[in-house]
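# Residue-level structural notes
Letter by letter, the chains look like this.
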Amino acid sequence: FGGMEQAKEECRDARGTGWVESALQDLRFSLRMLRKSPGFTIAAVGTLALGIGATAALFSVVSGVLLKPLSYRDPDRLVTLLHDGDASVSPANFLDWKRQNHNFSAMGAAAGWSASLTGWGRTEEIVGLQVTEGTMDMLGVASLIGRGFASDEFQPGKDRAVLLSYRLWQRRFGGDPGMVGRKLMLNGEPYTVTGIMPRGFQFTPFWITEAEMWAPLTMSGQAANRHTQVLRVMAQLKPGVSLEQARSEMDTIWDELMRQYPDTDSGKVVRVDSLKEKVVGNIRRPLLALLGAVIFVLLIACTNIANLTLARATERRKEMAIRAAMGAGRWRLLQQVFTESILLSVFGGLFGLLLAWWGVSGLQSLLQADTGRAGLPRLQEVQLDGSVVAWVAAVVVVAAVLIGLAPAFRVGGGQDDALKESARGSSGSGRGLRLRGALIVSELAISLVLLAGAGLLIRSFVQLRGIPTGFDPHNLLTMTVSVAGQPQYAGAAREGFYRQAVGNVASLPGVHAASMVSHLPIGGDTWGTDVYAEGQPLPPPGEETNAHFRVSRPGYFSTMRIPI
């Protein structure tokens with residue numbers, strides 16, 4: 001009958017066959033058994049592949065976003081210094097912090113910047129950043145081609161230098177290495193390209209992540225400017241200095257500055273945060289929750305397959321009993337059972353890696369916009385690397401053990417009773433039924449947890465969809481237009497250009513209305529200003545009312561269907 005060939009091999013094993021040879025025998029026999037049961041094999045491998053693929057894809061996201069260090073030199077020593085953890089800093093305060101601190105080995109700042117690139121085909125508005133001296137050096141990332149900024153390029157009149165991102169270099173200049181040293185017209189001014197940054201380099205993974213170029217920011221004449229808050233500040237801790245020490249020192253420095261300059265600095269707080277934690281933000285807990293959910297899915301898959309293998313073990317119990325009677329020991333039988341579960345897990349892991357690769361590629365395509373903006377921090381770091389393969393290997397081992405445990409208990413003892421039960425036509429012992437019942441109960445319990453979590457997520461999604469945005473997004477299209485830096489559109493010519501542009505768009509077939517605004521709703525970028533009521537006394541320092549504002553052209557509210 002089916003197990004006779006293997007039973008004969010067991011007799012030879014009992015006479016002293018080596019462990020390696022017996023393992024190879026088990027492997028060959030397990031492959032034959034899986035080939036003879038294609039329905040079971042496809043169902044088990046497919047179920048495992050889905051579970052392992054989901055966990056591998058989610059783990060690759062967790063690894064890239066949460067576990068990998070930032071791609072800078074000594075990333076654990078990098079911190080951000082911002083008002084209230086998010087607000088920008090004035091130039092004068094930045095210079096005071098840099099001069100008075102003793103716990104930072106370097107401190108730099110950046111300001112948002114954009115410029116119209118002309119003279120290279122179509123005109124394009126390029127998002128960039130201006131950085132203070134030493135900021136790029138603090139990150140410790142060398143340029144791919146060319147050099148960084150020299151000290152004299154941070155002096156007024158000599159600051160027309162620019163570093164290009166790898167993406168911009170490829171996208172607009174075809175990866176031409178001769179771009180280094182050439183001049184670009186940015187906002188009508190000639191800038192010399194000093195270097196090209198490496199592929200995937202991001203200067204601020206927590207702010208203006210779509211920046212594609214960097215230029216020097218001169219601080220000359222800014223020592224007294226405490227009103228204009230435009231800088232995001234980063235610093236590097238000295239070796240051996242803790243985050244708490246840096247926070248304590250900055251509290252002391254800031255208390256003194258508020259005492260000296262109450263009109264501009266009162267009411268603000270300085271927060272020192274780890275750069276990595278600033279980048280990750282509040283995404284850590286949702287990601288870990290999702291990883292836990294897919295691990296539950298994997299457990300359900302293992303429970304399903306354990307039920308299937310338990311049913312097969314019940315059918316093959318007579319075979320196991322005959323093999324035991326012919327000399328196969330208990331551990332020999334267990335070795336055979338776990339060989340089959342290992343094979344299933346390995347095949348599931350291989351196909352799961354393929355599904356994970358497809359899933360990660362789809363996730364990046366879904367979240368990566370054409371402009372390079374990512375809906376997930378550090379999205380470019382998410383990939384199937386060695387850590388993900390090691391994770392899959394560990395999952396395969398755990399899955400093999402979980403799948404093999406149920407039939408192993410079935411094989412564990414009472415082989416003599418198997419022949420009696422088979423002779424009586426028994427469908428299974430009480431112990432086997434109890435084990436299968438326990439597996440079913442555990443599977444139902446895990447499924448209910450997942451079902452409840454899925455219900456909560458669906459309810460949250462529905463509620464988010466129902467939150468009023470204040471405008472009607474139906475059939476609403478947007479585009480960004482700028483003529484900054486183009487001399488032919490200076491003064492009244494600029495107003496004429498925008499008026500004509502809106503009129504031409506509004507006259508297109510199918511367009512019901514058109515207008516312009518400085519910042520799109522829920523777009524992230526804002527302008528702000530202090531607001532004072534006429535005829536009322538000025539509020540004390542630190543208690544001013546600040547409001548976000550936008551500048552719009554006529555017809556904006558009707559175009560957006562915003563009711564007054």
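A quick note: this is a predicted structure, and the numbers were derived from the prediction, not measured. (Residues numbered from 1 in each chain as written. Predicted model: local features only at pLDDT ≥ 70, side-chain atom pairs only at ≥ 80, totals over all residues. Heavy atoms only, no water.)

### Section: the nonpolar core
Threshold: Buried Ala, Val, Leu, Ile, Met, Phe, Trp, Tyr and Cys residues that are joined via side-chain atoms within 4.5 Å together make up what is termed a nonpolar core. Relative accessibility thresholds used throughout: buried, under 20% of the residue-type maximum; exposed, over 50%; partly exposed, between the two (1.4 Å probe, protein chains only). Counting from the N terminus, the helices are the DSSP runs of H or I reaching at least four residues and the strands are the DSSP runs of E reaching at least two. Any two residues having at least one pair of non-hydrogen atoms within 4.5 Å are treated as being in contact.
Counting 34 residues, the largest nonpolar core has Leu48, Ile52, Val65 and Leu344 as the members making the most contacts within it. Breaking this core down by element, the ones donating at least two residues are α3 (38-67), α10 (284-315), α12 (330-367) and α13 (386-411). Of the residues forming this core, the biggest block, 13 residues, is contributed by α3. Those residues within four positions of leucine 48 in sequence are excluded, and the remaining contacts are Gly53, Leu298, Cys302, Ile305, Leu344, Ser345, Gly348, Ala399 and Ile403. In terms of nonpolar packing, the next biggest core, distinct from the first, is built from 23 residues, Leu81, Val89, Val241 and Val272 among them.

### What to know about the packing of aromatic side chains
Convention followed: Classification of ring pairs rests on two measures: the distance between centres of Phe, Tyr or Trp rings, Trp counted by its six-membered ring, which must be within 6.5 Å, and the angle between planes, read as stacked under 30 degrees, edge-to-face over 60 and tilted in between. Throughout this description, the term charge over a ring refers to an Arg CZ or Lys NZ atom that lies within 6 Å of the ring centre and within 35 degrees of the ring normal.
Across all of its chains, the model carries ten aromatic pairs by this definition. Ring geometry for tyrosine 166 against tryptophan 169: centres 5.6 Å apart, planes inclined by 70°, an arrangement best described as edge-to-face. Within this pair, tyrosine 166 and its partner tryptophan 169 are both found in helix α6 (residues 166-173), separated by three residues, close to a single helical turn. The exposure class of tryptophan 169 is buried, given its relative accessible area of 6%. Following the ring pairs from residue to residue traces out a cluster consisting of Tyr489, Phe497 and Tyr498. Across from the ring centre of tyrosine 261, 3.6 Å away, lies the NZ or CZ of arginine 226, which sits over that ring.

### Some words on the pattern of salt bridges
The test is simple: Basic side-chain nitrogens of Lys or Arg form a salt bridge, by our definition, when they fall within 4 Å of a carboxyl oxygen of Asp or Glu.
Scanning the model with the defined rule gives 21 salt bridges in all. Here glutamate 124 makes a salt bridge to arginine 171, at a shortest N to O gap of 2.7 Å. Here arginine 171 lies in helix α6 and glutamate 124 lies in strand β3 (residues 124-131), a separation of 47 residues in the sequence. Look at glutamate 124 and you get buried, because its relative accessible area is 13%. Relative accessible area serves as the criterion here: at 32%, arginine 171 is assigned to the partly exposed category.

### Quick notes on the pairing of strand β1 (residues 78-83)
Heads up, the condition is: Strand pairing is defined by DSSP finding a minimum of two bridges between the two strands.
The buried fraction of β1 is high, at six of six residues. Neither face of β1 is exposed, since Leu78, Thr80 and Leu82 on one face and Val79, Leu81 and His83 on the opposite face are all buried. Where β1 meets strand β9 (residues 232-237), four bridges bridge the pair, whose relative direction is antiparallel. Considered in β9, the bridge of threonine 80 is made with methionine 234. Pairing of β1 with strand β10 (residues 270-274) involves five bridges; the strand directions are antiparallel. Among the inter-strand pairings, threonine 80 is bridged to a residue of β10, identified as aspartate 273.

### Notes on the environment of leucine 144
Within the element layout of this structure, leucine 144 appears in the loop between α5 (135-139) and β4 (145-146). Taking the relative accessible area as the measure of exposure, leucine 144 reaches 46% and is therefore partly exposed. For the pair leucine 144 and tyrosine 166, spaced 22 residues apart in sequence, the C-alpha separation works out to 8.5 Å. In contact with leucine 144, other than residues within four places in its own chain, are Tyr166, Trp169, Ile196, Met197 and Pro198.

### Regarding a nonpolar patch on the surface
Definition in use: Grouping into patches uses exposed residues only, defined as over 30% relative accessible area, and leaves out salt-bridged ones; the cut-off is 9 Å for like charges and 5 Å for nonpolar side chains (Val, Leu, Ile, Met, Phe, Trp, Tyr). For the accessible areas, the method is Shrake-Rupley and the probe is 1.4 Å, while residue cover comes only from the protein chains on display.
A contiguous nonpolar patch, built from Ile295, Phe296, Leu299, Val397, Val398, Val401, Leu402, Leu405 and Val449 and spanning about 660 Å² of accessible area, is present on the exposed surface. At the level of elements, α10 and α13 are the ones that each hand at least two residues to the nonpolar patch. Top contributing element to the nonpolar patch by residue count: α13, with five residues. Residue placement: valine 398 occurs in helix α13. For valine 398, a relative accessible area of 47% puts it in the partly exposed group.

### Concerning the packing of helix α4 (residues 91-100) against helix α7 (residues 243-260)
What counts here: For helices, the fitted line uses only the C-alpha atoms of the stretch in contact; every axis is such a line through C-alpha atoms, and the angle between N-to-C directions lies from 0 to 180 degrees. Every angle not falling under 35 degrees, over 145, or within 65 to 115 is termed oblique; those three ranges are roughly parallel, roughly antiparallel and roughly perpendicular. Definitions for this section: a left-handed crossing has its near helix turned counterclockwise from the far helix by less than a right angle. A right-handed crossing has that turn clockwise. Classes in brief: Ala, Val, Leu, Ile, Met, Phe, Trp, Tyr, Cys and Pro nonpolar; Asp, Glu, Lys and Arg charged; the others, Gly included, polar.
Where α4 meets α7, the closest approach of the two axes is 11 Å, and the angle between their N-to-C directions is 130°. Of the possible angle classes, the one that applies to α4 and α7 is oblique. Judged by the sense of rotation from one axis to the other, the crossing of α4 with α7 is right-handed. Note on element contacts: α7 touches α4 through Glu249, Met250, Ile253, Trp254 and Leu257, opposite Asn93, Asp96, Trp97 and Gln100. Each residue belonging to the contact of α4 with α7 can be placed in one class, and the counts come to five nonpolar, two polar and two charged.

### Thoughts on α6
Note the threshold: Picture the helix axis, draw a direction to every C-beta atom, and the arc is the one those directions span.
For α6, the set of buried residues is Tyr166, Leu168, Trp169, Arg172 and Phe173. The buried side chains of α6 occupy one side of the element, clustering within an arc of 165° when seen end-on. Phi turns positive one or two residues past the end of α6, at glycine 174, with a value near 65°.

### Looking at the environment of alanine 211
The topology assignment puts alanine 211 in the loop between β7 (189-196) and β8 (213-216). On the basis of relative accessible area, alanine 211 is assigned to the buried category, the value being 12%. Spatially, the C-alpha atoms of alanine 211 and serine 165 are 8.1 Å apart, while their sequence positions differ by 46 residues. Not counting chain neighbours up to four residues away, the residues in contact with alanine 211 comprise Val127, Gly128 and Leu129.

### A word on the confidence of the model for the protein chain
Low pLDDT marks stretches whose predicted atomic positions should not be read closely. The line we're drawing: The predictor attaches a confidence to each residue, called pLDDT, with possible values from 0 through 100.
Within the protein chain, residue pLDDT values average 83, and 85% of them lie at 70 or more. When pLDDT is averaged over each element of the protein chain, strand β5 (residues 161-164) comes out on top at 97 and helix α14 (residues 415-423) at the bottom at 49. In this model residues 369-374 is a low-confidence stretch, pLDDT under 50, and it forms ten contacts with partners more than four residues away in sequence or in other chains. Taken as a whole, residues 422-427 scores under 50 in pLDDT and shows three contacts with residues more than four places along the chain or in a different chain.

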